[in-house]
Amino acid sequence: MEEPTVQFSDEDLVDNFPTMDDERIQLEDLEFEVDRSPEGLEDDGGNSSAKKESADAEKMRKATTKDRVQAFHLRKSLNLLDKMHEEKDVFIQKTKGELRICRQRMDLLAKQQESLAAEISTEKEANNMAAIGRLQAASRRLQTELENEKDLQSKITAMLKDSENAMWHIEIQKGQFEDVRKHHEEEAEARQRGLEIHSAQQLQKEKKAMEKSERNRLLRARKSLHTQKELGLKHQKLVEDAQRNHRIAVKFLKASLGRVREQEQKEEMESRKHMQRRMDAVLALKNNITASRETLKKFQAWGQNRAELAKQKAHTEKEVILSQGGDAFKYLYHQRRHQELEAEKRVFEEEQKLRKQEIVSRILKEEAEEEQRKRRQHPPSKSINRWTLRDKTWKYISDFCEGKTALTSTKQQDIELVLHPKPLHVLKAISSESVQVDLGTLNTEDEVLAEPEIPGLWSKESYQSHQVPKEDMERKPVGGSKMEKDILARTMEQLRSGVVRKQVASGREFKGRPFNSKPEVIHFKDFDIGKVYKKKITLINATYTINYCKLVGVEEKLKDFIHIDFDPPGPMSAGMSCEVLVTFKPMINKDLEGNVSFLAQTGGFSVPLKCSTKKCSLSLDKELIAFGSYVVGETTSRVITLTNVGGLGTKFKFLLDSEFYEMDESQPAVKISSLFTCEDKSLYDKIINSLSEQQLEVNESPPPVDLLSQKESEKQLDETEVTTAAVSAMTVIPSEEQAEITLGEVTEGEIGPFSSIKVPITFTPVIPGEVHTKFKVMFKDPQSPTLYFRATGTGIDVPVWVPKSTVDLKICMYDRLYQDSITVHTRSKAALRLKFEVCKELRGHIELLPETGYIQAQSTYSVQLKFLPRQTLPEDARKYFDPASRVLEAPMTIRVADQIKPVRFTVQAIVTTSDLEINPSEINFGCCTIYEAIRTEIRLSNLSLLPQEFGFVGLPKYMDIQPNDGFGTILPLETLRLHLIFQPIKAREYKFDLVCKSEINRCFKVSCQAVGVHPPLELSHYQIKFSATSLYDTSVSTLYVINSHLSMNKLTHSVPRIGSEEATPVGPTSFEFLLPPNSPIIISPSVGTVLPGKRCLVQVAFQPVLPQETIFEEAIQMMNKELETKTVREFQKETGQKKELWKQSLSVVRVHNRERPTRVSTNQAAELQRPVVSASSPEYQAAQATLSKSFQGKFERFVIPCVVASGDIKDRKTTEPLSFSPHNTLYLELWCPAVAPFIVVTSHKGKTVFNFGDIAVGHRSIKKITLQNICNEDLTLEYSVLNPNGPFVRLNPFNKLCSGETQTLVLSFSPHENMLAQETLDIITKRGTLSLTLLGMGVASMITCSIDGNILNMGYVLARESVSTNFKLQNESSLPIKFWVCLESLSKKKAEVYQQLPKFLTSREQRTEIVGTQNYNGQSVFSIVPVEGLMFPGKAQEFTVTFSPDHESLYFSDLLQVVLFEKKVSHQILLKGAAREHMMFVEGGDPLDVPVESLAVITAFDPEHKEEAEEIKPILVTFNYVQFDTDATTSPATRELQVGCIRTTQPSPRKTVEFILDGVSWLQHKGFSIEPSRGSVERGQTKTINISWVPAADFDPDHPLMVSTLMQLRGDVKETYKVIFVAHVVAGF
């Protein structure tokens, strides 16, 4: 048995706390130092004793730091001894118990041996060898156990003895420290008493402070009462002033309200009057509309009468012409053509009148503008009388009105017109109404909106005087106006008057055309654009003598298309000819007409030029088709020919006159019939124009706003009625019999140029009587009028007929019988034999009974119809049965004796099937556990056209069909989706059929198979419905995974298995939940093992989040909006700079301003690149907050599979997965509704992650978070607990947040160490939880120093000289650090230190002085630069330390402290240095003086102490030689002395320092070895003297060896040192 606790040896205890020997050595050292101190303090006398008493008092008042540390170590050692004593005591008691138990076992074994010995003796007597062997073996075993127990007893006894020895040793040590313990207890009691006294004093001070605060409170209360009285008086005064002002304001308000009411009454009266006027206008409008409708109806009736009269007149004229043997068609065509020309002429005259009115209105406008300009300008100087453009215009208009066709060409007439202009009598012919309308419309059109930037340049008068009216520019004809052409013609005549000469031959003057053209007209027919056409004409001289011919050219409008090649032939005799080549290159598809002008010697002449496009010239060969008389049911046809003699083809359409049809191109709404006369058409145009003018006049009045929609509807209705009336006025309503005359197969198509098409017209009389039908032919060419023709015929009735020509059996099913009765009628006066026939294809499906019969005169006869459709009907009656629509149309025939045409009727039926189709017909449910159900879907389709009832019958217990348990009615051609639900009750294989029966007892089967599975595990819940969870909140639910498989006995209970396979073995079973990717579901643990009979708790957490793709898109949209806004602002800034340039053209600017922003934004949007957004960016978090606020809710359903495998998941290898069976899979259904958060963060762009950033340790950062309740109820808030020792603190928690309220939550971050802190603050409400993530980085002020050991030794320096050294501090942290550097000698605690006991009076171990010897001049012996600054991250700061002593001393010291952020002390560097008056120094040896100088200053140059400066200085060197008991080699005791030479800038005769030790050989006899004994040292260098000692053979260890020698140093002076060697021999262990 081993000891459970660690045993401490005496050496360990000695190391833990100081021993008595060490204390004795310390006291001896103290006596040694105190004995030497009076030598240097003889001059102080009584002062030293007084200071000693004050130091003792100070020592009693406050213990030093070292004393407290020593007391702490003593207490720790005493506690350790007590603990060791207790442990040893417990261990000894335990060991004694084990020893007692061991002895008891030994006694028991001895007794067992005795009993075995007795049994052995008994068996020996019985001579039972087998039992003896067995007993002997047992005896040997007991003997072995007894020996083991004895060994154990010896070990326990030895251990007990050692423990008792250690216990005694501990008690001895406790006895040694008993005095110390009592001393510490007394000190503790004294400290307790001191604390009680201090607390009593503090309590007294607090009582005084409370009394003082109470007095101050009373004073404040009295002051507040006085202030409240003053405020009350002021408030009362203000209330009185307010009441007085209120009375005054009420007085003025009443007056103002009176005026306002009067004004409102006036406005109300005016509005009523205005409304009355509007109502009157509406009533007048309605009356006008009613009157117009009545007038229109009258005109329509009158037009119909006129049309009938015109038709009769035309018919009469046609008969007259035919009777006279003339061509009636040609006569009618010429008459119609004449009427069309007359109509065109009237239209042209109306256009000329309108044009004249426009010219007059423009002239009046110009005169008004001229008068206005004259009124604004100074009267102009009188100009000479000349022919102005206005006078010419008025002259042209007056001549035109008087009927003149051209102006005279003589110069005398021009002069007369200039001198005597005609009065403006044309104005009398213009209606004042038209002039007023034109002036009203023109006043607002020519307003100039542009404003000049510099006044004077664009004055309105000057601008309008030179402005050309817009209407003149737009309405100016191509090639100039007619007036300009007339002026040009007169000018040309004047020019030619000097060229043309009269030709006189044989006394006769030639008059007429000088040259004849062959052909007379240059005609380019049916040209195509882009081609070139050429024609030659011959000009023949028709004058009497020689003549010349010169080409003048073509008209202006033909110059772009016509090119003339003509080479003038020179003089031509009479009858001679020349050729002219005319080239025509068409560029537009338009008819052109003009003249090619030539100039001969006798005058000018021209050749007509005509260019005609391709046109259609369509006509019918007849306008009436007479079929004659035909029996009802017979068919005949006639042909009508459509001929096109033009060069352009077009599409045509034959249709009835009553039908309406629009060709591809827009056709006029109303086509005037060719049967109408010219007077009828003009009358109809006048009616339409009058109606349109009435509507225009009504519409010119401002319509009331309230009845605007009503007027528009009425207007649309009127227009519809007008159009309908017009169409009815022009068309004749056809009779019902017109359907018997129909068009043939060819009713539409395309007719080519110079071709004809024949169209058949069919006449099939159905009802007896005369039939008249009108047809029309419409064309796609808009220039081709519609052609009309008529067809007539007469139908004769048959004797036998069937009233019902179609027998409709409705919808019938296959293999079912349907019957009906058919009645046959006759109008014959004799009996007739009837034979009923069924077509051969349908004889197996339809029967007519009887097949033959007789019908009596003028009676009826009935026949029975039987219809039994077979399944072969579609194949047998392909001709009459449509498989797509399932419609059967079977023709039946009744043959009548002595009647050529049989009587036919049709049996019509829709034949449908009664099948129900189930898809799929075979269903395999697969493997399904007994804890769940599998649902699959089948489609039940009704292929019939009739509704059918159905039902699934004989369902097993483990099957269910929904909806309605598998029963219902299915509509025609409908497909129902039925859900089959299979839930096995035990593990086995299932095979069964589902039977569906229809209402006619037809059966349809569905084969099903499945495998029932009993998994080894089960879930406590298979469905979890989470409550509505807000975004980024978490809802948690729990369930159990249970392993109930304990036995393989399948007779007592069902065992886990798959179908009929082997049962799953009993043992640990593992499971794993397979979560879908990117799902908001967390299952813990998702993998585990369940032992038999145990269960495992599983937690399911639902945490809805927004998809990252949606957040990224929203963030990108927000960034794009910001960029677009920025771009628009920049564009607006640019456009502001260009504003002055836009003022030059205001109309252009408007268009520019309307188009420019769209164009720029489009270009900028195209240039925008898709920004990159990271998940940690502010844009991402802002977009996430925006989407969270606008979240509308979402419901998701997840089915989580849980796979199961046998075995423990811990036993598997790292790379070897468990074999999960897919059939044993369990499924967990989760309903997860997500809603918008109820509390949102409105600050920080809605972010829920708050990063405090990098904060220095010890500092604090505060963030304010604004929360808003966006739900409709008040919420009570609870907060999760933050780490009490953590850096995050909640400063102002609030417990309630009302609906719509916003409050601010203040959080602080104050790190205590260098760490990355992260905590989650949950704000919990009954509606959800808002989680705030708090992040912060505590950055420690990590400063590294280039000095090792935190001690900077400046070395030796000559007094009154200085030396400098550098060191660096490196900032290793990530924050900029502000630092301060201070010296302890300059600290504020310096005065307190001077009041303490001098350090040289205490022992060396108790000395804690830091600040050593200082300069006499009061300046600090150490200085550092810089003393403060800022260190940036990763940068280093260099410091310079200067050592400047002003006198000699070996104990210059100070403490350099580096303080960060005015709080933390980062580094403490001890500065040391020594100063000498001379250039040599010796180091090493034991100290013989105190490190504190005397208060008396001894000057080195004082002559009274000069000899003392040359005295011998002692150096003590102590050797401890360690001697071991063994014969091992022992190393000698060694010490070192350093001799150095100080580097100085002062001139000195010696550059080195020499040293020499005397009596080296004598020291060698004593066992000392010195190397080197002499030498020299250069400036700034040191040399080491190694001294070793080995005791001689006759050395007595009880008497230490003490020898001495002299060492001389020669530098700038000579110094002598007495080196004392003290050697001891100590025993080693």
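Residues numbered from 1 in each chain as written. Predicted model: local features only at pLDDT ≥ 70, side-chain atom pairs only at ≥ 80, totals over all residues. Heavy atoms only, no water.

## Some details on the packing of aromatic side chains
Going by this rule: The rule is short: rings of Phe, Tyr and Trp, with Trp giving its six-membered ring, pair when the centres are within 6.5 Å, and they are stacked under 30 degrees, edge-to-face over 60, tilted in between. Going along the chain from the N terminus, every DSSP run of H or I of four or more residues is numbered as a helix, and every run of E of two or more is numbered as a strand. Classification of residues uses two cut-offs on accessible area relative to the type maximum, computed with a 1.4 Å probe and protein chains only: under 20% is buried, over 50% is exposed, and between them is partly exposed. As a reminder, the over-ring test applies to NZ of lysine and CZ of arginine, requiring each to be within 6 Å of the ring centre and within 35 degrees of the ring normal.
If you walk through the whole model with that rule in mind, you get 38 aromatic pairs. Ring centres of Phe-524 and Phe-584 lie 5.1 Å apart, and the angle between their planes is 40°; on these two criteria the pair is classed as tilted. Of this pair, Phe-524 sits in strand 4 (residues 522–527) while Phe-584 sits in strand 8 (residues 577–584), and the two are 60 residues apart along the sequence. Using a relative accessible area of 3% as the deciding quantity, one classes Phe-524 as buried. Taken together, a centroid distance of 5.9 Å and an interplanar angle of 85° make the contact between Tyr-958 and Phe-982 edge-to-face. Of the two residues, Tyr-958 is situated in the loop between strand 33 (948–953) and strand 34 (959–962) and Phe-982 in strand 36 (residues 975–982); the sequence distance between them amounts to 24 residues. The class of Phe-982 is buried, set by a relative accessible area of 0%. Taken together, the ring pairs connect Phe-1519, Tyr-1521, Phe-1568, Trp-1589, Phe-1595 and Phe-1621 into an aromatic cluster. Positioned above the aromatic ring of Phe-524 is the side chain of Lys-535, whose terminal nitrogen or guanidinium carbon lies 5.5 Å from the ring centre.

## Re helix 20 (residues 1178–1189)
Rules: Every helix has an expected span of 1.5 Å times one less than the residues it contains.
End to end, helix 20 covers 17 Å across 12 residues, agreeing with the expected 16 Å (1.5 Å per residue, within 8%). Turning to helix 20, its buried residues number three or more, namely Tyr-1180, Gln-1181, Ala-1182, Ala-1183, Gln-1184, Ala-1185, Leu-1187 and Ser-1188.

## A closer look at the sheet that holds strand 61 (residues 1351–1358)
The line we're drawing: When DSSP finds at least two bridges between two strands, those strands are taken to pair. Axis definition: a line fitted to C-alpha atoms, over the contacting stretch in the case of helices. Angles run 0 to 180 degrees between N-to-C directions.
The mixed open sheet is built from five strands, whose spatial order is 61-68-67-63-65. The open sheet has two edge strands with one neighbour each: strand 61 and strand 65 (1428–1431). The average undirected angle you get between the axes of adjacent strands in this sheet is 25°.

## As for a nonpolar patch on the surface
Let me state the cut-off plainly: Exposure above 30% relative accessible area and no salt bridge define the residues that can form patches, which grow by joining like charges within 9 Å and nonpolar side chains of Val, Leu, Ile, Met, Phe, Trp and Tyr within 5 Å. To be clear on the numbers: accessible area is Shrake-Rupley with a 1.4 Å probe, and residue cover counts the displayed protein chains and nothing else. In what follows, salt bridge is the name for a side-chain nitrogen of Lys or Arg lying within 4 Å of a carboxyl oxygen of Asp or Glu.
Together, Ile-1262, Val-1289 and Leu-1291 give the surface a local cluster of nonpolar side chains, amounting to about 230 Å² of exposed area. You can see Val-1289 is positioned in strand 55 (residues 1288–1290).

## Examining the sheet that holds strand 73 (residues 1568–1571)
Hydrogen bonds between backbone groups are what pair the strands of a sheet, and the pairing can be parallel or antiparallel. In space, the four strands of this open sheet follow the order 69-71-75-73, with antiparallel pairing throughout. For this open sheet the edge positions go to strand 69 (1480–1484) and strand 73, each flanked by a neighbour on one side alone. In this sheet, adjacent strand axes meet at a mean angle of 20° when their direction is disregarded. Bridge count for strand 73 against strand 75 (residues 1582–1589) is four bridges, and the pairing is antiparallel. When the sheet's bridge partners are listed, Ile-1570 is paired in strand 75 with Ile-1587.

## Some thoughts on the confidence of the model for the chain
We apply this condition: The predictor rates its confidence in each residue with pLDDT, a number between 0 and 100. Residues are treated as being in contact if the distance between any of their heavy atoms lies within 4.5 Å.
In the predicted model, the chain carries a mean pLDDT of 77, and 78% of its residues have values of at least 70. Overall, residues 378–385 carries pLDDT values under 50, and its contacts beyond four positions in sequence, including any with other chains, amount to one contact. Counted against residues more than four places away or in other chains, residues 665–684, with its pLDDT under 50, gives 37 contacts.

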